[in-house]
Amino acid sequence: MSIKYAILGILAEGNLHGYDLKSSFDEKVGEFWSLNYGQIYSTLDRLEKDGFVTHDREAQEKRPDRKIFRITPEGRQELTQWLATPVTRIRALRDEFFIKLVFMVKSDPAPVLALIDKQKTLHLKQMNRLTQRKLAMKNGGAGNGALVSELLIDAGLFHAEADIRWLTLCEAKIKAAIVQEK
Amino acid sequence: MNLANLLRHVSLKHVRLQKAQLVMAMAGICLGVAAMVAIDLANRSVLCSFEDSINHITGRATLQITGAESGFPEAMLERVQNVAGVEYAVPVIEATASLSGGRQRALMILGIDVLQDHQIRDYSITDESADIPDPLLFLARRDSILLTRTMAAQEGIDIDQQIEMQTVAGLRTFQVRGLLNPAGPARVAGGDIAVMDIYAAQMAFGKEGRIDRIDVSLLPGENFDTMQERIRQVLPAGYSIDTPAARTRQVEVLLSRFRKSMGFISCMALFVGMYLIYNTVSITVVQRRKEIGILRALGASRAEIFRLFLTETLLIAAVASLLGAGLGYIFARATVDLVAQSVSDMYLRTSVTELAFSWRAVLGNGATGVLASLTAAILPALAGTRLTPASAIRSLPYSAESSLLGRKIKIASALSLLAAVVIFAVFESAEPASAVRSLGVIMASAIFLLLGISLCTPLLLRRIVPLCHGALAACFGAQGRLAGLNLQKNVSRNGVAVAAILCSIALFVSSANAISSVRRSMFDWIDSIIRADILVSTGHPLATGGSPTIPMPGDMQQEMEKVAGVLSVEPFRKGYLNYEGKKVLLEIFDVARRLEYCPAMITQGSREDMLRLPGRDNIVVNEGFAVKHAIKPGDTIVLPTPAGPVPFGVTAIVVSYTSDSGAIWMDVTTYRRHWQDQLVDTFEVLVQPGRDIAAAREAILARFGGERRLFALPAAEFKVEVQKMLDRSFVLTNAVNILTLIIAGLGIIITLLASVLERTREIGILRGIGMQKNQVSAVVIIESILIGAAGGALGIATGVLIGWIELEGVFRLDFGASITYHLHYGAMAWAMLLAAGLSAMAGLYPAQRAAATNIVEALTYE
Amino acid sequence: MIELRNAGKTYQQGSREVRALRDVSFVINKGEFLSIMGPSGSGKSTLLNLMGGLDQPTSGEVFIDSRPLHGITDNELTLIRRRRVGYIFQFFNLLPLLTAEENVGLPLLLDGLPFSEVKPRAAALLDKVGLKERAEHRPEQLSGGEMQRVAIARALITGPAVILADEPTGNLDSHTSEEIFLLLKSLNDQGQTIVMVTHDPKAAAYGSRIITLKDGAPDQDIVIGGDNP
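Counting restarts for each chain, with residues numbered from 1 along the sequence as it is written. By the order in which they are written, chains take letters starting at A while ligands take numbers starting at 1. Local features in a predicted model are, by the rule used here, given only for residues with pLDDT of at least 70; side-chain atom pairs are given and counted only at 80 or more, and totals for whole chains, interfaces and linings are based on all residues.

## Quick word on the overall build of chain A
1) Next: When you go through chain A residue by residue, the secondary structure sums to seven helices and three strands.
2) Next: Helix and strand definitions follow DSSP, with helices as H or I runs of at least four residues and strands as E runs of at least two, each counted in order from the N terminus. The helix and strand sequence of chain A, counted from the amino end, reads α-β-α-α-β-β-α-α-α-α.
3) Next: Between the buried cut of 20 or more and the exposed cut of 12 or fewer other C-beta atoms within 10 Å of a residue's own C-beta lies the partly exposed class, and all C-beta atoms are placed from the backbone. When the 182 residues of chain A are sorted by exposure, 26% land in the buried category.
4) Next: What counts as a contact is two residues whose backbone-derived C-beta atoms lie within 7 Å of each other. Within chain A, contacts between residues separated by at least 24 positions form 57% of all contacts whose residues are at least 6 apart in sequence.

## Quick look at the overall build of chain B
1) Next: The number of helices and strands found in chain B is 30 helices and 23 strands.
2) Next: By residue count, 51% of the 862 residues in chain B fall in the buried class.
3) Next: If you take every contact in chain B between residues at least 6 apart in sequence, the share linking residues at least 24 apart comes to 84%.

## Here we look at the interface of chain A and chain C
1) Next: Tallying the contact residues gives 14 residues for chain A and 13 residues for chain C.
2) Next: Looking at the side of chain A that touches chain C, the elements that each hand over two or more residues are α6 (109–140) and α7 (144–181) of chain A.
3) Next: With nine residues, α6(A) is the largest single contributor of residues to the side of chain A that touches chain C.
4) Next: Residue polarity is assigned by list, with Asp, Glu, Lys and Arg as charged and Ala, Val, Leu, Ile, Met, Phe, Trp, Tyr, Cys and Pro as nonpolar; anything else, Gly included, falls into the polar class. Taken together, the residues of the side of chain A that touches chain C break down into six nonpolar, four polar and four charged.

## So, the sheet that holds strand β9 (residues 209–214) of chain C
1) Next: Within the open sheet, the six strands sit side by side as β6-β7-β8-β3-β9-β10 (chain C). Their pairing is mixed. Edge positions in the open sheet fall to β6 (85–88) and β10 (217–223) of chain C, since each of these has one partner strand only. Adjacent strand axes in the sheet meet at a mean angle of 20°, parallel and antiparallel pairs treated alike.
2) Next: The axes are straight lines fitted to the C-alpha atoms, using for helices just the contacting stretch, and the angles between their N-to-C directions are given from 0 to 180°. In the packing of α6(A) onto the sheet, contacts are made with β9 and β10 of chain C, and the angle to β10(C) comes to roughly 40°. For two strands to be treated as a pair, DSSP must find at least two bridges joining them.

## A short note on the pairing of strand β5 (residues 144–148) of chain B
Residue and element names in this part refer to chain B.
1) Next: The element β5 is largely enclosed, with a buried count of five among its five residues.
2) Next: Every second residue of β5 is oriented toward a common face, with S144, L146 and T148 on one face and I145 and L147 on the other, all of them buried.
3) Next: Bridging between β5 and strand β7 (residues 170–180) involves five bridges; their strand directions are parallel. If you follow T148 over to β7, its bridge partner there is L180.
4) Next: The sheet contact formed by β5 and strand β8 (residues 193–197) spans two bridges and is antiparallel. Its bridge partner being in β8, L146 is matched across the sheet by V195.

## Some thoughts on the interface of chain C and chain B
1) Next: Each partner contributes residues to the interface: chain C has 24 residues there, and chain B has 22 residues.
2) Next: With seven residues, helix α2 (residues 74–84) of chain C is the largest single contributor of residues to the side of chain C that touches chain B.

## What about the packing of helix α5 (residues 144–156) of chain C against helix α6 (residues 174–189) of chain C?
Helices that pack against each other are described as a pair by the angle of their axes relative to one another and the distance between those axes.
Residues and elements named next belong to chain C.
1) Next: One can describe the packing of α5 onto α6 by two numbers: an axis separation of 10 Å at closest approach and a directional angle of 15°. With respect to α6, the element α5 is oriented roughly parallel. As α5 packs across α6, the resulting crossing turns out to be right-handed. Seen from α5, the contacting residues are G144, G145, Q148, R149 and I152; seen from α6, they are T176, E179, I180 and L183. Orientation labels follow simple angle bins: below 35 degrees gives roughly parallel, above 145 gives roughly antiparallel, 65 to 115 gives roughly perpendicular, and whatever is left gives oblique. Helix crossings get a hand from a simple test, with the near helix turned counterclockwise from the far one by less than a right angle marking a left-handed crossing and a clockwise turn marking a right-handed one.

## Section: helix α23 (residues 668–675) of chain B
Quick reminder: α-helices carry 3.6 residues per turn. Residues three or four places apart thus point the same way.
Residue and element names in this part refer to chain B.
1) Next: Along α23, the residues classified as buried are V668, T670, Y671 and W675. Burial along α23 is one-sided: seen end-on, the buried residues are contained in an arc of 160°.
2) Next: Looking at the buried positions of α23, the neighbouring elements they touch are β14 (566–579), β15 (582–589), β18 (636–641) and β20 (663–667).
3) Next: At the exit of α23 stands Q676, carrying a positive phi of roughly 55°. As used here, the arc belongs to the directions running from the helix axis to the C-beta atoms.

## Here's the deal with the nonpolar core
1) Next: Of all hydrophobic cores here, the largest spans 215 residues; its most connected members are V37(B), C503(B) and V195(C).
2) Next: Sequence-distant contacts of V37(B), that is, excluding residues within four places in its chain, are made with G324(B), A325(B), G328(B), Y329(B), A332(B), A361(B), V362(B) and N365(B).
3) Next: Within the second largest apolar cluster, 72 residues are counted, among which are A61(B), A89(B), A152(B) and A715(B). We call a set of buried Ala, Val, Leu, Ile, Met, Phe, Trp, Tyr and Cys residues a nonpolar core when their C-beta atoms link them within 7 Å.

## Details of the sheet that holds strand β2 (residues 16–28) of chain C
Residue and element names in this part refer to chain C.
1) Next: Strand order in the open sheet formed by four strands is β2-β1-β4-β5, with antiparallel pairing between adjacent strands. The open sheet has two edge strands, β2 and β5 (67–68), and neither has a second partner.
2) Next: Strand direction decides the pairing type here: strand β1 (residues 2–13) and strand β4 (residues 59–64), joined by five bridges, are antiparallel. Bridging across to β4, I2 finds its partner in I64.

## Remarks on the confidence of the model for chain A
1) Next: Per-residue confidence from the predictor is reported as pLDDT, a score between 0 and 100. In this model, chain A carries an average pLDDT of 80, and 86% of its residues clear a pLDDT of 70 or more.
2) Next: By mean pLDDT, helix α5 (residues 93–104) of chain A is the weakest element of chain A at 71, and helix α4 (residues 73–84) of chain A is the strongest at 87.

## Thoughts on the packing of helix α3 (residues 100–110) of chain C against helix α4 (residues 115–128) of chain C
Residue and element names in this part refer to chain C.
1) Next: At a minimum axis separation of 8 Å, α3 and α4 run at an interaxial angle of 120°. Taken as axis vectors, α3 and α4 run oblique relative to one another. Handedness of the α3/α4 crossing: right-handed. For the pair α3 and α4, contact is made by A100, E101, V104, G105, L108 and L109 and by F115, V118, K119, R121, A122, A123, L125 and L126, respectively.

## Description of the pairing of strand β12 (residues 534–537) of chain B
Residues and elements named next belong to chain B.
1) Next: Neither face of β12 is open: one carries I534 and V536, the other L535 and S537, and all of them are buried.
2) Next: Pairing analysis gives three bridges linking β12 to strand β22 (residues 682–687), with the strands arranged antiparallel. Within β22, the residue paired with V536 across the bridge is F683.
3) Next: As paired strands, β12 and strand β23 (residues 711–714) are joined by four bridges and run antiparallel to one another.

## Side note on the confidence of the model for chain B
All names here are of chain B.
1) Next: Mean pLDDT over chain B stands at 78; residues scoring 70 or higher make up 85%.
2) Next: Within the model, the stretch residues 395–402 combines pLDDT values under 50 with ten contacts to residues more than four positions away or in other chains.
3) Next: Here residues 543–547 scores under 50 on pLDDT; set against residues more than four positions off or in separate chains, the count is twelve contacts.
4) Next: Listed scores for the predicted complex are pTM 0.64 and ipTM 0.75.

Okay, structure coming up:
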């Protein structure tokens, strides 16, 4: 589940209370996900239960205290680990990988690039597996069902290829940006 | 084996599938070789005909003794006969006569000792005249003559028939006593020869008591050199004792200028041909760049690629050279008469009866063609091997710019130019007699100059073309701009085409300029010496085929002066003498009288010096002679006379173009005193002021017409004839020049075609984005005109330089320093037109190919 | 089979020095199908050219079947190219004037064999790549896929130790490309070592090993083989 990591990512940048957290979420990934407060608070509850997030109370005039959420060291560790882990499902790549990019790029590009590499390798391995399956199927003889399966495999291969190309582009652009900043 | 496979499976495909290109390359070599073979064969034929005549006339004689042209005293014969070791020594008179009827056929008269001559020469008399061989009967009748069967048949003359001939003594009647079978002397001059007894010949040809030659055979075992020495001791100085072979060599020397200039142009033709090969092979390498890359990637070694290209060139050149040799033979057949005519006009009367076919000439020139082709192919073939397989395969557009514009080329170009200058300087500063002053040296200078300028054409183009962009765009719009860009982008390859045109145009312009300079100088000179109104001689003064000039007795002068309307008559006699082993022309006239009305072109000395000629042993020499023998006014030289060597003082140096090997002017009184020769070749007649020249001419003809056949030619007509004669002698040069232009044209076609083929894709793109077919053609044609114009302009500039070198080296050596360099602007304008026009024509086919480019194919092509 | 030890290649481009490859070391084993991937300019083709003897390293060592490719003469290199390496190019690089059969037989012709001997072998290979009927056609009469099959047949004719393919499907559509890869894969299944340079992940996926290049040096070496994760 990516919402949890998105929230961890936002909190890693600074302590926020629920309302600000929502605004920050919308600002960063609002175009991909629209979340209501309920979803945010239930996710925060779960994170707190897991010990990744904790909160302080802040007193307010004429109003009840509000909770300022803060990421715990465990939370940070969880986030880092997640960020370093490539996305296993090809179709899900852009959703999930994008989130990771959002939180990684600005700080240190090295891990991003490493991630892109890992992601590409993974994709390549997957493509290789798909190709093997296709070859096995071809050798196994053709039927109508075999053709449909082959076409599905092809679809997977094309998606993977597109992802790899996109990743390659990401890599090139991130590098170009680094050069520019320098 | 590898090579065989490559040739069979790769090269042969090019042959089969790219015929047009192959045919053009072959045509280039073929024409080049043909020109060389034709010139060589024609030259050889002329020489062979001389040699044959000499050999047939010589018979078994191993030594020939000659004196002055006018003959020497008979008494010498006895002296020679008495020399120990001499087997036989027989007298000979050689003269020319002409039949009075019909087309006045000229024939050679051989006057011999009827009783002795068979020891030296074999005569075979036809059966019909079996009763005649009795020499005594022959001798008893002074009008006896033997004709050849060949001539008799042609002229319809029978045995015992009377024939009338023009001789020194006027028209004389002879009786044909017999006919000679075509053997020995009867084969000379295609049978135009007659045999007389020596005494009768002396009478008829004004040589009483004198003979022209003694033919000597030696006893077995006698040494040639010692015999020469022994004979020399019994004779006065000034006689030459030569072998027949030496006489042949004399003819060769006499013809040397002619042969030199022909050699020069045929060499230049070959040079242009080489350029074409260079061009073709470079383009082939460029076109087959990718093929080379693939072959290299597949495992063909550098050496194999190099050998492949050389072998291809070898095969193509061999076939083309063979064809060229055949074509050259045909050319030679067509031009041999022309060459013989030129030689007759300028040197010796000759009639070439057959083409001297020589395998050596044909194969030698063919081999030269092949060798030249191979040499020309080496550089581009090397360039082909230098391509690394990886880069060749990338099929990037050709860019040898760096290599062709590189430092090496600049250095080579500079070195060539320097070499040209140095060689020329060495040539100029060398002593006239030095071996350095040879045709080879001057040619090396010219070729280095051409090479140097050719090598820097890409550089020049790179500098010049950008300057023309504005003008091109203004004149031809977008097409012009594009054509200019194409030219500039491909400077190195177009440079080769430009250089090819440059070479041929330079050749054309240089000979036009050199020839025009010689012509102008000659005409000025003729104007200066021919100031008489009428020239009187027994043969047409310039006729070559028909009647020869037979000398007239000197006392005709007085009689002619009595003719109504005649103011004065000058005698003119010419002869040859042997000076330091060289045949020198001796021109005899009344110096004092001549100077009264002729402005002699004196280069050193003065009129007063000239006037010191009559009555003294003084002479004047021409520049050619002075230069060759390093003579200044005031020097004394010893000339052989019939009576022995006589020292003559040189008083002045004059311009005279009558002989390549030098000319000496002598006063008629001096000549007669030493030579005892009263004969005259030409009378130069001045008509009294106010009298009609035509009337005076009629009067002269009426006065002497009964005695002898005379030509009285108005001087104006004579000058026109001389001009025609000169122009005739340059016909061959012009023909070769045009041939080289054609070769250069082929070069342009090949270059443009290659560049069109290579730009298929580019043209496809241009067509694709909306360029019209005729615009594409226009670009190609404008490009080719630009190449032609650039080649033309550079060629004209180079030609002016080479023309000057040619004049300095080839002509000045023979004519002397008084030839000034005249630029022939007409020829230069023609050259420019020709270069541009030929290039435009050469661009037509590639333009058509370009326009026909299939857009879709061109764009999908890789 | 092929081994690179610190192989490097530096070009002189005008006055600038371009390091196309730096210190590349790896070993290619017999029977491998290696894909080399990398963006343009990463040195893929240079690497392939070094392995095939089209080019020589400016530093380091390259071996094919334990024979060095570095520091030998051009002629020795040429012989190795001719007999031990089969090349397949993106632009097919067939000689346009030769028929399919002659193009296939060209390496043997270069080796001096008579065409009568070469012809049946070329015909057999054309049959193998499915172009039996096209033997007499010239390249211009063939489709892109067919041209590449001719090129593959040509690469096979000497029985080379390795086939080097440089973007073999760069100019072909997906379906035709797949046919070419299937052909290469089947050759690999028969034991033929293949090294292929590509920037197409689909193509690289046919390999049993993928090396990615970055800036003239190997970045990742992914051995896939049969063990699925």
